[in-house]
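Below, each chain spelled out in residue letters.
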Amino acid sequence: MIIIVLILLGLCFGSFISALVWRLHKQFTVEDKKHPRDYSMLMGRSMCSHCGHRLAARDLVPILSWLSLRGKCRYCHKKIQDSPLTELVTVALFIVSYMAWPYDFNTVGIFLFIIWLPILISLIALFIYDLRHMLLPDRLTFTLFGLTLVQLGGLLVLSGGEINILWNALLGVIALAGFFYLLFQISGGSWIGGGDVKLGLGLGILAGNLAGALLILFLASAIGTLVSIILLLNGRASKKTQVPFGPFLVTAAIVGQLFGPLLIHWYQNQFLLI
Ligand SMILES: [Zn+2]
């Protein structure tokens, strides 16, 4: 039952993410400021990204509409920009989150899971936006930051005011946002973007402590190195190609949230055996 709810939620929010990324980008780039409401998340109506035709309800059913239209706009017959991949990935991550949830489903665990879903949605949106446009918009990074603050506040209340939670989260923020800020200042913004610093705020709190933050750093670097090598070998990138760091950070944060306790535990065991 929960799985079915998660599948439906994942489909809806996957569509929401596609629209969010596109509209945010349009808000930045469209010259025509006469109709800013068209691209507002609340006021705007869904439209084809080529012909601007308003989409009817039957065009907006996640995945099914795309399949029945064979990926083409009903009105101008051009290829629909957003593939259903976003919806599918969102559904998959919702289900994996539930199956691999590292905490018991007691009050704290349920609270963490419920706040994790919107956090996950903002992470996926950040991933896609940075991948497409090489930018982490403030509205997304600060939304993530706000959500993690709610998570932190909830944990504080549920733990009866355990002050260590606050210190540990602060260490996480220093390890990620502080470190990125340093890199940003030293390199004059060429190694890492200002958006990554702001992303580090939310990810630091999400990591919850120093070990979690270091795990995210390690995973992001490892995944980034691996992907860069593959792109270089495939000839899809040269040494000068700019690769955004955000998608790696986001991937690392999702892996860290779901498998972090397991990975840290495993690592400690290895360490003790030596
Ligand atoms: Zn169209």
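Residues numbered from 1 in each chain as written. Predicted model: local features only at pLDDT ≥ 70, side-chain atom pairs only at ≥ 80, totals over all residues. Heavy atoms only, no water.

Brief notes about the domain arrangement of the protein
Part 1 of the argument: As assigned here, the protein comprises domain 1 (1–99) and domain 2 (105–273).
Part 2 of the argument: Taking the mean C-alpha position of each, domain 1 and domain 2 sit 25 Å from one another.
Part 3 of the argument: Surface buried jointly by domain 1 and domain 2 totals about 1700 Å² across both partners, of which 79% is contributed by carbon and sulfur atoms.
Part 4 of the argument: Ranking the residues of domain 1 by area buried against domain 2 places V21, L24 and S97 at the top, with a combined share of 29%.
Part 5 of the argument: Scanning the region where domain 1 abuts domain 2 turns up one salt bridge.
Part 6 of the argument: When the shortest N-O distance is used, the salt bridge between D82 and R132 registers 3.4 Å.
Part 7 of the argument: At the boundary of domain 1 and domain 2, one finds four residue pairs in polar contact (both at pLDDT 80 or more).
Part 8 of the argument: Across the side of domain 1 that touches domain 2, the residue classes break down as twelve nonpolar, five polar and one charged. (Domains from an automatic or database assignment. Buried area = accessible area lost by both parts, 1.4 Å probe. Salt bridge = Lys/Arg side-chain N within 4 Å of Asp/Glu carboxyl O. Polar contact = N/O pair within 3.5 Å; in protein donor to acceptor, adjacent residues only side chain to side chain. Nonpolar A, V, L, I, M, F, W, Y, C, P; charged D, E, K, R; others polar.)

A few points about the side chain of S65
Part 1 of the argument: Within the secondary structure, S65 is located in helix 2 (residues 64–68).
Part 2 of the argument: The class of S65 is buried, set by a relative accessible area of 4%.
Part 3 of the argument: Ignoring any residue separated from it by four or fewer positions in sequence, one finds S65 in contact with R58, D59 and L60. (Helix = DSSP H or I, 4+ residues; strand = E, 2+ residues; numbered from the N terminus. Buried < 20%, exposed > 50% of the residue type's maximum accessible area, 1.4 Å probe, protein only. Contact = heavy atoms within 4.5 Å.)

A few points about the environment of T148
Part 1 of the argument: One can find T148 in helix 5 (residues 138–158).
Part 2 of the argument: Taking the C-alpha atoms as reference points, T148 and G204, separated by 56 residues in sequence, lie 9.0 Å from one another.
Part 3 of the argument: From its side chain, T148 meets the backbone oxygen of F145 in a polar contact 2.7 Å long.

So, a nonpolar patch on the surface
Part 1 of the argument: Side chains of I163, L166, W167, L170, L171, I174, L210 and L214 sit close together on the surface and give an oily, nonpolar patch of about 740 Å² of accessible area.
Part 2 of the argument: Elements with a contribution of two residues or more to the nonpolar patch: helix 6 (163–187) and helix 8 (210–234).
Part 3 of the argument: Here the element with the most residues in the nonpolar patch is helix 6; it accounts for six residues.
Part 4 of the argument: Since its relative accessible area comes to 41%, L170 is described here as partly exposed. (Patch = residues over 30% accessible without salt bridge, like charges linked within 9 Å, V, L, I, M, F, W, Y side chains within 5 Å. Areas by Shrake-Rupley, 256 points an atom, 1.4 Å probe, with all protein chains shown as cover.)

Brief notes about helix 8
Part 1 of the argument: In a regular helix each residue adds 1.5 Å, so 25 residues correspond to 36 Å; helix 8 covers 36 Å between its end C-alpha atoms and thus fits that length.
Part 2 of the argument: Among all positions of helix 8, only G212, A213, L215, I216, L217, L219, A220 and G224 are buried.
Part 3 of the argument: You can read the cap of helix 8 off the contacts: a side-chain oxygen lies 3.3 Å from the backbone nitrogen of A211, and it is on N209.
Part 4 of the argument: Of the residues flanking the end of helix 8, it is G235, one or two places downstream, whose phi is positive at about 75°. (Expected span 1.5 Å × (residues − 1).)

So, the coordination of the zinc ion
For a metal with four tetrahedral donors the ideal donor-metal-donor angle is 109.5 degrees, while six octahedral donors give ideal angles of 90 or 180 degrees.
Part 1 of the argument: Every protein donor of the zinc ion is listed here as C48 (SG), C51 (SG), C73 (SG) and C76 (SG), and their distances to the metal cover 2.3 Å.
Part 2 of the argument: Of note is the zinc ion, whose four donor atoms meet at the metal with angles of 105 to 118° in an arrangement that counts as tetrahedral.
Part 3 of the argument: Counting the intervening residues between successive donors of the zinc ion yields the motif C-x2-C-x21-C-x2-C. Of this pair, C48 sits in the loop between helix 1 (2–29) and helix 2 while C76 sits in the loop between helix 2 and helix 3 (85–99), and the two are 28 residues apart along the sequence. (Donors = N, O, S within 2.8 Å, 3.2 Å for Na, K, Ca; no water. Tetrahedral: all angles 85-135°; square planar, octahedral: opposite > 155°, others 65-115°.)

Describing the environment of I128
Part 1 of the argument: Locating I128 in the fold gives a position in helix 4 (residues 107–133).
Part 2 of the argument: Assessed through its relative accessible area of 14%, I128 is described here as buried.
Part 3 of the argument: When near neighbours in sequence (up to four residues on either side) are disregarded, I128 contacts I17, V21 and T86.

Describing helix 7 (residues 194–207)
Part 1 of the argument: Compared with an ideal rise of 1.5 Å per residue, which puts 14 residues at 20 Å, helix 7 spans 20 Å between its outermost C-alpha atoms and is within 8% of the ideal.
Part 2 of the argument: Along helix 7, the largest kink reaches about 25° and is centred on G200.
Part 3 of the argument: Counting buried positions along helix 7 gives eleven out of 14 residues, so the element sits mostly inside the fold.
Part 4 of the argument: Taken together, the buried positions of helix 7 are G195, D196, V197, L199, G200, G202, L203, G204, I205, L206 and A207. (Bend = angle between axes of the 7 residues up to and from the residue.)

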